[in-house]
Amino acid sequence: MKLFPKWLRLVAAVLLCCVFFPEIQSYSSAHYEHSHPCNRPCDDGALPMVCYYRFVVEWYYTMSKACYGCPINASDCSRPDCIANNGVEKAILVANRQLPGPKIEVCENDTIVVDVENHAGSETTAIHWHGIHHVDTPYMDGVPMITQCPILPHNTFRYEFAASPAGTHFWHSHAGLQRSDGLHGMLVVRQSPGIDPHFHLYDHDFSDHTMMVTDWLSELSFDRFVAHHHQNGTNKPQSILVNGKGRLQRFVDPAVNVSVYTPVEIFMVTRGFRYRFRMASNGIMNCPIQVSVDNHTLVVIASDGQPVEPLKLDSLVIYAGERFDFVLNANQAIDNYLIRLRGLLDCDERFSKAWQVAVLRYRGAPADITLDDSLSYFDMDRAGKQLNPLNSGTVGDKLSVTSLVSVLEDDEALRREPDFKYYLPYDFTKIDNKHFHDPQHYPVHAVQRNRQMFTPQINNISFLFPSAPLLSQPEATPSYLLCNHTNLRFDCSREYCECVYTLHIPLGSVVELVIIDKGFAFEANHPIHIHGMSFRVVAMERVGKNVTLEQVMQLEAQEKIKRNLKRAVVKDTVTVPDGGYTIIRFVASNPGYWILHCHIEFHIEVGMGLILAIGERKDMKPIPPHFPKCGNWPENVEIGRASCRERV
């Protein structure tokens, strides 16, 4: 219900815009996000605001000269422009010399305006607002060659969109591997007490209690990518970070000859209060992260920004792109308690043993805590009830996300039979991907096993980004480059296929996707994210060590797949068990070109994705005047690109 007429809200927004568009004179502003006028209590009946931010994107460096004597002198690690990270020196790509980047905290229905200035040398960039649906602004979704042209070097692009839906989200680069090297940050959209269904469950929802977790590489991601795909370089992360902080590199204080590490993140609480924590995963590799807090339980109240019935847990596993909100009751003795993060799969005990800790500190507890130098990966596990377990459905104390009960009423996706149903099986394919294996000179079957590049593909198809944005320049993409699994011209299980993989879905349809991780090549996991919408997760199960499309269809025919069609959890990013399936449903109500993709950075970079084209061109919002254009010159140079279809 609108409390004020539209004309009054627009006038107020313009006035607030004039008052609250601060000019940021320096790239660094540690106090900026706390003092931003839009980071405020979200009061019932208050007018929305226009919230302006300026992101200056540039290459930077951890443990730079700005850090002086860090970490020997711990206070130097908090100096302006010092990104101590985990102590390992590395080139990074950041906004405003912050890692994570500037935090955006607003109220629901505010207007967010971000000027992104690209000072990253010869790199192009673009920013995706992960969790924002862009119902009226699909051209602000931030995916190069799908919704916009990339932002050229020395150019500025203004993003402007409504802060909706409410919840815990984050922003990140959607260009190349940039988010792996630091270009990401939190985006929190809060609700007023009268709307927030869980307001009564916590006493505080502080800015300082947001948690950005990510696995982290000690080298530039592009170096890792090239070495991994063209040689036998590792893709295993060495570390995990919490809000850009952690301990990995060991230093020695020469004055006392003891080990010193860079600071870990500290979360302050006061005994006797309940705190809402908001956690997001910028996970970059195949490294789900188990999170727990010593002597405390976590009461999960939201996932991917959508409220759920409270669920008390001992730990949870978070996958790349996911978010979880949990309430922590500070009811223990005044002390310091470890927050433990344990990497799984490529980060587990077989590979890099990546782990990290942060500290939950009660006010009054000692501030000079020294973490045990003997802490290791094997100290990070916690037994008990766990949400979102690795490669599993619900088994005993291991609860899949289908165990979560949505607070939201059932929608058409649950009440109606699907109008369209798509099977999306995927795996790593041992095939001569022309980008990494020349079939004549070094085919995949001829090189050593540790140098074979297995290509992650959906329906044996690699997604090919077009040369111009589908949304703003649809005429620039020849029809023969568009395909789906029903109109291929040859057997893609035997020959490498790439195209602009697109599923056309009529507006208003109820759609069911049966997403299958066949699991034959490796033990892996692929978190799947869809832009521009949320969906209901109606089923999730592991069938075995591996599974085929035919086996899943047989289970369907035998009615052995049970769907939860009552208050199914609402998400926008979901894991699929290796050797199993996840089934989701949604109403195709938001016209546009929305990418569905694996949120592991290397996988989308080599084409593990597709486009959901919802509605017809007439249904889509008009592009803003003078919107940037890009593409090939001459246009027919497109003829040289690969295709899975005959030219027409």
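Owing to the predicted nature of the structure, the values given are computational and were not obtained by experimental measurement.

Bringing the overall build of the protein into the picture now. Helix and strand counts for the protein come out as six helices and 36 strands. Over its C-alpha trace the protein gives a radius of gyration of 24 Å, about what one expects of a compact globule, namely 26 Å for 648 residues. Burial analysis of the protein (648 residues in total) assigns 59% to the buried set. Considering only contacts within the protein whose residues lie at least 6 apart along the sequence, 79% involve residues at least 24 apart. Of the roughly 25800 Å² of accessible surface on the protein, 52% is carried by carbon and sulfur atoms. Between the averaged position of the 60 positive side-chain charges in the protein and that of its 72 negative side-chain charges there is a distance of 2 Å.

Cis geometry is found at the peptide bond from Cys 70 to Pro 71, where omega equals 0°. Between Trp 633 and Pro 634 the backbone carries a cis peptide bond, its omega angle lying at -5°. Here Pro 634 shows up in the segment after β36 (609-614). Despite not being glycine, Met 145 shows a phi value in the positive range, around 70°. With respect to the secondary-structure elements, Met 145 resides in the loop between β5 (127-130) and β6 (156-162). A relative accessible area of 17% places Met 145 in the buried class.

Turning our eyes to something else, we now look at the sheet that holds strand β9 (residues 210-216). The strand order β10-β9-β14-β19-β16-β17 describes an open sheet built from six strands, whose pairing is mixed. Two strands in the sheet have a free side with no partner beyond their single neighbour: β10 (239-242) and β17 (306-313). Across this sheet, the average inter-strand angle for adjacent strands is 25°, counted without regard to direction. Here strand β16 (residues 298-303) runs beside strand β19 (residues 323-329); their pairing, made up of four bridges, is antiparallel. Residue pairing across strands places Ser 303 opposite Phe 324, the latter belonging to β19.

The next thing to look at is the pattern of salt bridges. Scanning the model with the defined rule gives 43 salt bridges in all. A salt bridge links Asp 325 to Arg 278, with the nearest nitrogen and oxygen atoms 3.2 Å apart. One end of the pair, Asp 325, is in strand β19; the other, Arg 278, is in strand β14 (residues 274-281), and 47 residues separate them in sequence. Residue classification places Asp 325 among the buried residues on the basis of a relative accessible area of 1%. Residue Arg 278 is classed as buried on the basis of its relative accessible area of 3%. One salt bridge in this structure joins Arg 415 and Glu 412, with 2.9 Å as the shortest N-O distance. A residue pair is termed a helical-turn pair when its members lie 3 or 4 positions apart in one helix, as Arg 415 and Glu 412 do in helix α4 (residues 412-415) at three residues. Accessibility expressed as a relative area gives 30% for Glu 412, which makes it partly exposed. Three or more residues are tied together by salt bridges with common partners; here these are Glu 105, Arg 190, Asp 196, Asp 205, Arg 276, Arg 278 and Asp 325.

With that out of the way, let us pick up the sheet that holds β6. Spatial ordering of the open sheet is given by β2-β1-β4-β6, a layout of four strands whose pairing is mixed. Each edge of the sheet is formed by a strand with only one pairing partner; in this case those strands are β2 (91-95) and β6. Here the strands of the sheet are splayed against their neighbours by 20° on average, with no regard to which way each runs. Where strand β1 (residues 50-61) and strand β4 (residues 111-118) come together, eight bridges link them in parallel fashion. In the sheet register, Tyr 52 faces β4, and the bridge partner there is Val 113.

With that settled, consider helix α5 (residues 549-557). Within α5 the residues assigned to the buried category are Leu 549, Val 552 and Glu 556. For α5, the angular spread of buried residues about the axis comes to 70°, placing them on one side. Exposed and facing more than 90 degrees away from the buried side of α5 are Glu 550 and Ala 557. Buried-residue contacts for α5 involve β24 (420-429), β29 (510-517) and β34 (580-587).

Bringing the state of the cysteines into the picture now. In protein structure, a disulfide is the covalent linkage between the sulfur atoms of two cysteines. Applying the stated criterion across every chain yields a total of eight disulfides. The residue that forms a disulfide with Cys 67 is Cys 82, at a sulfur-sulfur distance of 2.1 Å. Between Cys 67 and Cys 82 the sulfur-sulfur dihedral comes to about 105°; the bridge is accordingly right-handed. Highlighted residues: Cys 67 in the loop between β1 and β2 and Cys 82 in the loop between β1 and β2, separated in sequence by 15 residues. A single burial state applies to Cys 67 and to Cys 82, both of which are buried. Cys 149 shares a disulfide with Cys 630; S-S distance 2.1 Å.

This part covers the pairing of β36. For β36, a buried count of six out of six residues is recorded, marking the element as mostly surrounded by other parts of the structure. The alternating pattern of β36 places Gly 609, Ile 611 and Ala 613 on one face and Leu 610, Leu 612 and Ile 614 on the opposite face, and all of these are buried. As defined by bridge partners, strand β28 (residues 498-505) adjoins β36 across four bridges and the pair is classed as parallel. For Thr 502, the partnering residue across the bridge sits in β36 and is Ile 611. Sheet analysis places strand β35 (residues 592-598) next to β36, joined by six bridges and oriented antiparallel. Note that in β36 the partner of Gly 592 across the bridge is Ile 614.

What follows deals with the pairing of β19. For β19, the tally of buried residues reaches six of seven residues, placing the bulk of the element in the interior. The pairing of β14 with β19 spans seven bridges and is antiparallel. Bridging across to β19, Arg 274 finds its partner in Asn 329.

Among soluble globular proteins, nonpolar side chains are generally buried collectively. Formed by 115 residues in total, the largest nonpolar core has its most connected members in Ile 104, Trp 129, Tyr 159, Leu 360 and Leu 513. Core analysis: the second largest hydrophobic core is formed by 13 residues, Val 538, Val 552, Ile 561 and Tyr 581 among them.

Here we come to the side chain of His 531. Here His 531 lies in the loop between β30 (528-530) and β31 (535-542). Judged by its relative accessible area of 1%, His 531 falls in the buried class. A polar contact is formed between the side chain of His 531 and the side chain of His 174, at a distance of 3.4 Å. Once you skip the residues sitting within four places of it in the chain, His 531 turns out to touch His 128, Asp 141, Val 143, His 174, Trp 594, Ile 595 and His 597.

With that settled, consider the side chain of Gln 290. Tracing the sequence through the fold places Gln 290 in strand β15 (residues 289-293). Among the polar contacts listed, one links the side chain of Gln 290 to the side chain of Arg 342, at a separation of 2.7 Å. A distance of 3.4 Å separates the side chain of Gln 290 from the backbone oxygen of Arg 382, its partner in a polar contact. Not counting residues up to four positions away in its chain, the partners in contact with Gln 290 are Ser 315, Leu 316, Val 317, Arg 340, Leu 341, Arg 342, Asp 381, Arg 382 and Gln 386.

Below, the discussion takes up the packing of aromatic side chains. Scanning the model with the defined rule gives 19 aromatic pairs in all. Taking 6.3 Å as the distance between ring centres and 70° as the angle between the ring planes, the aromatic pair formed by Phe 225 and Phe 436 counts as edge-to-face. One end of the pair, Phe 225, is in helix α3 (residues 221-230); the other, Phe 436, is in the loop between β24 and β25 (455-458), and 211 residues separate them in sequence. The residues Phe 225 and Phe 436 share a single accessibility class, namely buried. Aromatic pair Phe 428 and Phe 522: ring centres 5.0 Å apart, planes at 80°, arrangement edge-to-face. Placement of Phe 428 in strand β24 and of Phe 522 in the loop between β29 and β30 is noted, with a sequence separation of 94 residues between them. Judged by its relative accessible area of 31%, Phe 522 falls in the partly exposed class. In textbook terms, an aromatic cluster arises when at least three aromatic residues are bridged by ring pairs, as seen for Phe 55, Trp 129, Tyr 139, Phe 157, Tyr 159, Phe 161, Trp 171 and Phe 627.

Parameters and conventions
- Residues numbered from 1 in each chain as written.
- Predicted model: local features only at pLDDT ≥ 70, side-chain atom pairs only at ≥ 80, totals over all residues.
- Heavy atoms only, no water.
- Helix = DSSP H or I, 4+ residues; strand = E, 2+ residues; numbered from the N terminus.
- Rg over C-alpha atoms; globule rule 2.2 N^0.38 Å.
- Buried < 20%, exposed > 50% of the residue type's maximum accessible area, 1.4 Å probe, protein only.
- Contact = heavy atoms within 4.5 Å.
- Areas by Shrake-Rupley, 256 points an atom, 1.4 Å probe, with all protein chains shown as cover.
- Lys, Arg positive; Asp, Glu negative; His and termini not counted.
- Charge placed at Lys NZ, Arg CZ, Asp CG, Glu CD.
- Pairing = 2+ DSSP bridges.
- Axes fitted to C-alpha atoms, helices over the stretch in contact; angles between N-to-C directions.
- Salt bridge = Lys/Arg side-chain N within 4 Å of Asp/Glu carboxyl O.
- Arc of directions from axis to C-beta.
- Disulfide = S-S within 2.5 Å.
- Core = buried A, V, L, I, M, F, W, Y, C linked by side-chain atoms within 4.5 Å.
- Polar contact = N/O pair within 3.5 Å; in protein donor to acceptor, adjacent residues only side chain to side chain.
- Phe/Tyr/Trp six-rings, centres within 6.5 Å; stacked < 30°, edge-to-face > 60°.

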